[in-house]
Amino acid sequence: MAPADFTTGARPVKAARGTELTAKSWQTEAPLRMLMNNLDPEVAERPDDLVVYGGTGRAVRSWAAFDAITRTLETMDKDETLLVQSGKPVGVFRTNEWAPRVLLANSNLVGDWATWPEFRRLEAEGLMMYGQMTAGSWIYIGTQGILQGTFETFAAIARKLTGDNNGTLAGTLTLTGGCGGMGGAQPLAVTLNEGACLIVDVDETRLRRRAGKRYLDEVETDLDAAIAKVLKAKEERRGWSVGYVGNAAEVFPELLRRHKAGELTIDIVTDQTSAHDPLSYLPLGVSFEDWHDAAARDPEGFTKEAEASMAVHVRAMVEFQDAGAEVFDYGNSIRDEARKGGYDRAFEFPGFVPAYI
């Protein structure tokens, strides 16, 4: 089944600013501005596709739904409530002025049907969308939204490694993957803790975007050059981040080989690629240019290839831990996807919440 066309009706979106109302009250002006801010080109990863972050995390189900929601929010009275089901408005009810103005829920499926094939079938028919955590609830505020929590996570690692409540990551090197809307906070969080960071992403535009916003210091397409720059920063105990354009499933094992050979020492390893959805993870052997066409042609086959590549990726992370590095999962389900890909040691490193929070 062909995927739904999310670009129909696409246009730049910019939320109102200032104190002048575009809706009837601030109770409806607030969610209206939140929704529109999620799809602002300065915030969203692929606004024409309604994708805010995370590969597939949408703000609304379609542009027709966006128009209906915004039109409704602009005209609702202070005693009405809008219901939104997976990004589509389904009704307005008379409630009272103390009730919520918007009630919404996303991606709710009964357990036996909560599978990727069923979800993708419904999404292709325009009946469902994936809302991530803050995209479909209209509360995403860009990469800054996760920066504090990411900073605190790396600060906790610094305290653990140094045994000092005032310890920093100075003199350490962090290896990670994924520099999109959420993962893009990682390099700045590391450098704010005075560490060096090498972050890997298959999409050069993501890295360039983070560098343009100063979340990332520079971008490299040559692995040896990228390594030399972060090792120099590590030696100088200076915070510095380099984004390398590559596939983490290929780069992590190569860096592990060099780590074991004594060519470099990597102290911290994690990952925040969009591994929760296998179609948003580029498998080994598939070119970046063919990524989305390959996923659309054979989503089930692509899923298996992605899970196999995640198994390679996670194996390298586990073996970094075996070799003495601090390794943790950053909440993107990559361990479980690696398990599905056949790697039985996938859960041998912890998640960030029990480990540090």
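Structure's up top.
Because the structure is predicted, anything quoted here is derived from the model rather than measured.

Asker: Tell me about the pairing of strand E6 (residues 173-177), and name the residues and values.
Answerer: Burial analysis of E6 places five of its five residues in the buried class, the great majority of the element. Side chains Leu173, Leu175 and Gly177 of E6 all project onto a buried face; the interleaved residues Thr174 and Thr176 project onto the opposite face, where all are buried too. Across five bridges, the pairing between E6 and strand E7 (residues 196-201) is parallel. Bridging from a neighbouring strand, Thr174 pairs with Cys197 of E7. Bridging between E6 and strand E10 (residues 268-269) involves two bridges; their strand directions are parallel. When the sheet's bridge partners are listed, Leu175 is paired in E10 with Val269.

Asker: Outline the pattern of salt bridges, supporting the account with residue identities and numerical values.
Answerer: Applying the stated criterion across every chain, the model contains 36 salt bridges. Between Glu300 and Arg120 there is a salt bridge; the shortest N-O distance is 3.7 Å. With a gap of 180 residues between them, Glu300 in helix H10 (residues 299-322) and Arg120 in helix H3 (residues 116-124) connect regions that are remote in the sequence. Salt bridges here are not isolated pairs; linked through shared partners, they connect Lys24, Asp77, Asp79, Glu80 and Arg94.

Asker: Before we move on, could you go through unusual backbone geometry and cite the residues and values that matter?
Answerer: In this model, Leu50 sits at a positive phi of 70°, which is unusual for a non-glycine residue. Backbone geometry places Arg237, a non-glycine residue, at a positive phi of 55°.

Asker: Now, about the packing of aromatic side chains: what can you tell me, with residues and values included?
Answerer: The tally for this structure, following the rule as stated, stands at ten aromatic pairs. Here the aromatic residues Phe154, Phe328, Tyr330, Phe352 and Tyr356 are joined through ring pairs into a cluster of three or more.

Asker: So what's going on with the sheet that holds E7? Which residues, and what values?
Answerer: Within the open sheet, the six strands sit side by side as E8-E9-E7-E6-E10-E11. Their pairing is parallel. Taken across any chain shown, the strands that pair with only one partner, and hence form the sheet edges, are strand E8 (218-220) and strand E11 (326-327). Lying over the sheet, helix H6 (residues 204-212) contacts E7, E8 and strand E9 (240-245), oriented at roughly 160° with respect to E9.

Asker: Give me helix H5 (residues 185-192): which residues, what numbers.
Answerer: In terms of burial, H5 is a largely internal element, seven of the eight residues being buried. Along H5, the residues that are buried comprise Ala185, Gln186, Pro187, Leu188, Ala189, Val190 and Thr191. If you follow the buried residues of H5, they end up packed against helix H4 (144-162), E6, E7 and E9. The first or second residue beyond H5 is Glu194, which carries a positive phi of 75°.

Asker: Outline the nonpolar core, supporting the account with residue identities and numerical values.
Answerer: The nonpolar side chains of a soluble globular protein tend to be buried, and buried together. Residues Leu175, Leu198, Leu255, Val269 and Phe320 are the most contacted members of the largest nonpolar core, which totals 38 residues. Element by element, the count of residues in this core is highest for H10, at eight residues. With sequence-adjacent residues up to four places away left out, Val269 is seen in contact with Leu175, Phe252, Met317, Phe320, Ala325, Glu326, Val327 and Phe328.

Asker: So what's going on with the packing of helix H8 (residues 248-260) against H10? Which residues, and what values?
Answerer: Between H8 and H10, the shortest axis-to-axis distance is 8 Å and the interhelical angle comes to 25°. With respect to H10, the element H8 is oriented roughly parallel. The interaxial crossing formed by H8 with H10 has left-handed handedness. Seen from H8, the contacting residues are Ala248, Ala249, Phe252, Pro253, Leu255, Leu256, His259 and Lys260; seen from H10, they are Ser309, Val312, His313, Ala316, Met317, Glu319 and Phe320. Among the residues making up the contact of H8 with H10, the classes are represented as ten nonpolar, three polar and two charged.

Calculation rules
Residues numbered from 1 in each chain as written. Predicted model: local features only at pLDDT ≥ 70, side-chain atom pairs only at ≥ 80, totals over all residues. Heavy atoms only, no water. Buried < 20%, exposed > 50% of the residue type's maximum accessible area, 1.4 Å probe, protein only. Helix = DSSP H or I, 4+ residues; strand = E, 2+ residues; numbered from the N terminus. Pairing = 2+ DSSP bridges. Salt bridge = Lys/Arg side-chain N within 4 Å of Asp/Glu carboxyl O. Phe/Tyr/Trp six-rings, centres within 6.5 Å; stacked < 30°, edge-to-face > 60°. Contact = heavy atoms within 4.5 Å. Axes fitted to C-alpha atoms, helices over the stretch in contact; angles between N-to-C directions. Core = buried A, V, L, I, M, F, W, Y, C linked by side-chain atoms within 4.5 Å. Parallel < 35°, antiparallel > 145°, perpendicular 65-115°, else oblique. Left-handed = near helix turned anticlockwise from the far one by under 90°. Nonpolar A, V, L, I, M, F, W, Y, C, P; charged D, E, K, R; others polar.

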